[in-house]
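Structural description and commentary
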Amino acid sequence: MKYNWKTLVLVGLISGGTTLAGYKMLVPNDSTEVVLKEATPESINKFTSGGVLPVDTPGDFTYAAEVSTPVVVHIKSSVIRQQSRSNPQLDFFRDFFGGDGFPGGGGGPQRQEGSGSGVIISSDGYIVTNNHVVEGATELEVTLHNKMKLKAKMVGTDPSTDIAVIKIDSKDLPAITFGNSDAIRVGEWVVAVGNPFNLESTVTAGIVSAKGRGLGIIGTSGRQQRRGQNEQIMNDAIESFIQTDAVVNPGNSGGALVNLRGELIGINTAIASPTGSYAGYAFAVPSSIVKKVSSDLIKFGNAQRGYLGITMEYLDNRVAEDKGLKVSEGVYVNGVTENGAAKDAGIQPGDVVVKIDGQKISAIPDLTQAIGLHRPGDKLTLTVNRDGKEKDFKITLKNREGGSGVILKDESAAALEALGAKVSNLSTEEKQRLSRYKIEGGVKIDAVEGGKLVRTGVEPGFVITKINGKAVTSVKDLEKELAGKTDTMVQFEGLYPDSPYDIYTFGFRL
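All of these numbers come straight from a predicted model, not from anything done at the bench.

Right, let's get into the environment of D344. Locating D344 in the fold gives a position in helix α7 (residues 341-345). When its relative accessible area of 51% is taken as the criterion, D344 is described as exposed. Linking D344 and K394, residues 50 residues apart in sequence, is a C-alpha distance of 9.8 Å.

The next subject is unusual backbone geometry. With a phi close to 55 degrees, F197 is a non-glycine residue in the positive phi region. Positive phi, normally seen in glycine, also occurs at D387, with a value near 55 degrees. Structurally, D387 is set in the loop between β21 (379-386) and β22 (389-396). For D387, a relative accessible area of 72% gives the class exposed.

Another point: the pattern of salt bridges. Here the structure, examined in full by the defined rule, presents 15 salt bridges. A salt bridge links D351 to R386, with the shortest nitrogen-to-oxygen separation between them at 2.8 Å. With D351 in the loop between α7 and β19 (352-356) and R386 in strand β21, this residue pair connects regions lying 35 residues apart in the sequence. Exposure class is identical for D351 and R386. Each is buried. For E481, the salt bridge is made with K470, and the minimal N-O distance between the two is 3.5 Å.

The next subject is helix α11 (residues 475-482). The set of residues buried in α11 consists of V475, L478, E481 and L482. Viewed along the axis of α11, the buried residues span an arc of 125 degrees, placing them on a single side of the element. Opposite the packed face of α11, turned more than 90 degrees from it, sit the exposed residues K476 and K480. Of the residues one or two after α11, G484 is the one with positive phi, at around 80 degrees.

With respect to the helices, strands and loops of the structure, K444 is situated in strand β25 (residues 443-448). Residues K444 and V423, 21 residues apart in the sequence, show an inter-C-alpha distance of 5.6 Å. If sequence neighbours within four positions are ignored, K444 has contacts with K422, V423, S424, L426, E430, G461, F462 and V463. Here E430 takes part through its side chain, which lies 2.9 Å from a polar atom of the side chain of K444.

The next point concerns the confidence of the model for the protein chain. Interpreting fine coordinate detail is not advised for predicted regions of low pLDDT. Model confidence for the protein chain is summarised by a mean pLDDT of 79, while 76% of its residues fall at 70 or above. Confidence drops under pLDDT 50 across residues 82-108; counting only partners more than four residues distant or on other chains, this segment forms 61 contacts. Taken together, the stretch residues 220-235 has pLDDT below 50 and engages in 47 contacts with residues farther than four places along the chain or on a different chain.

With that settled, consider the pairing of β21. Among the 8 residues of β21, 7 are classified as buried, and the element is accordingly described as predominantly covered. Where β19 meets β21, 4 bridges bridge the pair, whose relative direction is antiparallel. Residue pairing in the sheet places K355 in a bridge with T383 of β21. One ladder, built from 8 bridges, connects β21 with β22; its direction is antiparallel. Residue pairing for β22: N385 is matched across the bridge by E390.

As a further point, take helix α8 (residues 364-372). Of all 9 residues making up α8, 8 are buried, and the element is well covered by its neighbours. Within α8, burial applies to I364, P365, L367, T368, Q369, A370, I371 and G372.

Turning our attention to the pairing of strand β26 (residues 463-467). In terms of burial, β26 is a largely internal element, 4 of the 5 residues being buried. Two strands pair when backbone bridges link them, and β25 and β26 are joined in this way by 2 bridges, in the antiparallel orientation. Directly across from V443, in β26, lies its bridge partner I464. As defined by bridge partners, β26 adjoins strand β27 (residues 470-471) across 2 bridges and the pair is classed as antiparallel. Within the sheet, the bridge partner assigned to K466 lies in β27 and is A471. A loop of 2 residues connects β26 with β27, the two strands running antiparallel in sequence, and N468 in this loop sits at a positive phi of about 50 degrees.

Under the defined criterion, the tally for this structure stands at 8 aromatic pairs. Aromatic pair F61 and W189: ring centres 5.0 Å apart, planes at 70 degrees, arrangement edge-to-face. Pair noted here: F61 is in the loop between α1 (41-48) and α2 (62-68) and W189 is in strand β9 (residues 189-194), with a separation of 128 residues, a long-range link. Connected via pairs of aromatic rings, a cluster forms that spans F462, F492, Y496, Y504 and F506. Seen from the ring of Y126, K167 lies directly overhead, with NZ or CZ sitting 5.2 Å from the centre.

A few words on the side chain of T465. You can see T465 is positioned in strand β26. A residue is classified by how much of its surface remains accessible, and T465, at 10% relative accessible area, is buried. Excluding residues within four positions of it along the chain, T465 makes contact with I439, G441, K470, A471, V472, E493, G494 and L495.

Relative to the helices and strands, I127 is located in strand β5 (residues 126-130). We classify I127 as buried; its relative accessible area is 0%. Ignoring sequence-local partners within four residues, the contact set of I127 consists of V73, G118, V119, I120, I121, V142, A164, V165, I166 and I168.

Procedures and definitions
- Residues numbered from 1 in each chain as written.
- Predicted model: local features only at pLDDT ≥ 70, side-chain atom pairs only at ≥ 80, totals over all residues.
- Heavy atoms only, no water.
- Helix = DSSP H or I, 4+ residues; strand = E, 2+ residues; numbered from the N terminus.
- Buried < 20%, exposed > 50% of the residue type's maximum accessible area, 1.4 Å probe, protein only.
- Salt bridge = Lys/Arg side-chain N within 4 Å of Asp/Glu carboxyl O.
- Arc of directions from axis to C-beta.
- Contact = heavy atoms within 4.5 Å.
- Polar contact = N/O pair within 3.5 Å; in protein donor to acceptor, adjacent residues only side chain to side chain.
- pLDDT = per-residue confidence, 0-100.
- Pairing = 2+ DSSP bridges.
- Phe/Tyr/Trp six-rings, centres within 6.5 Å; stacked < 30°, edge-to-face > 60°.
- Lys NZ or Arg CZ within 6 Å of the ring centre and 35° of its normal.

The structure is reproduced here in structure tokens:
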């Protein structure tokens, strides 16, 4: 049976792209560096030579389980939400998953809890998980393998890969060893470790069913745009999932996918299922992406993206025949961005990308992953097939501003982006209408496209009138009141213009 991925329920991926963003160019003076444990040739040789696990017992998962379970934690997230009106999208998820964890209707602010998994990546308490596990949380509680419970704080999130990093105040913790996800093979045994249905330290096993899956489930509103049926803009969203048949269920999100040596090869992120429970299809973000993004979040506070600047198209034998191409495997360049890295290097529409730094590129997920592992300013070699001949181009990746330096979000932009909404000032007519109710003004929400506001149930048209008890009458006021509020509790108050007597309040940690 052929599945249409858009019709399947993908557990946990309910967050989307954000639309309010501003950036400033700088390199932090106190950048944090965390050295992640990585597999070495010596450790791999010791394992495969029988020093740890006999090579003639490939179905023995005990070593992988013993090594990985102590580094996988249970994460409980608390969210303060308020649902003011019916929201069809949220209604679907609420009806499907049940009321717990999704807003109800009306009433005052409600404290609700969700849960997931995380993986300790450093001995001093840094933990990687999924963005959708911790997004919008006002409080985070981590339960270690030894049952110790600790409060956690947010370090950074990257919705474009669904990766987040949180931190607990602890020392001498066991930490996962990063394996090489690029080296895994289809058919290789893997072990999934997590906390499905709040069942702590659960281990399941399976094989790698496929690599480089692009499902179109991460990112909205510009992060994952399509033109027609096949054309795609290369942007933030990175999808190159490892598919496995290891049993993964709600609560496994953010947990570890490891090889038989107990090395991390992926973070379990989603399942494809018509029922919401395991149906044979589970997907994990490769450890190569996890390592890069988590390092960025710890060091810079946000993920650093290198941009190629192309519009690309899926390529197969039919497309190749239609366009008169000499090759039917790779990524077709449909267009190049003005002043982009690709155009500056000499890439032209009609080229077919076949290699990056010598690595074969067969499809779009291969390309997005290869570029996604680089930062602005990184140099690489792009090999294209042009008129039947391969040609190498030296490319220096750019940032979203068109430069080659690191970009960090400024404080007010970071807070605005976390809301996940388009906002605008009230029109003169709208101000006059509200003034009859002794309301001086406010900021209107034009669209909710992910971020923390989507979990409150707030709909377009809602007017924010106060933040932490202080009146806001313009977008400038909103930015001023949110600046510097990252990782702090913020209380919002507002109303809908067609129901001015109903005042709603809700709060969450930015």
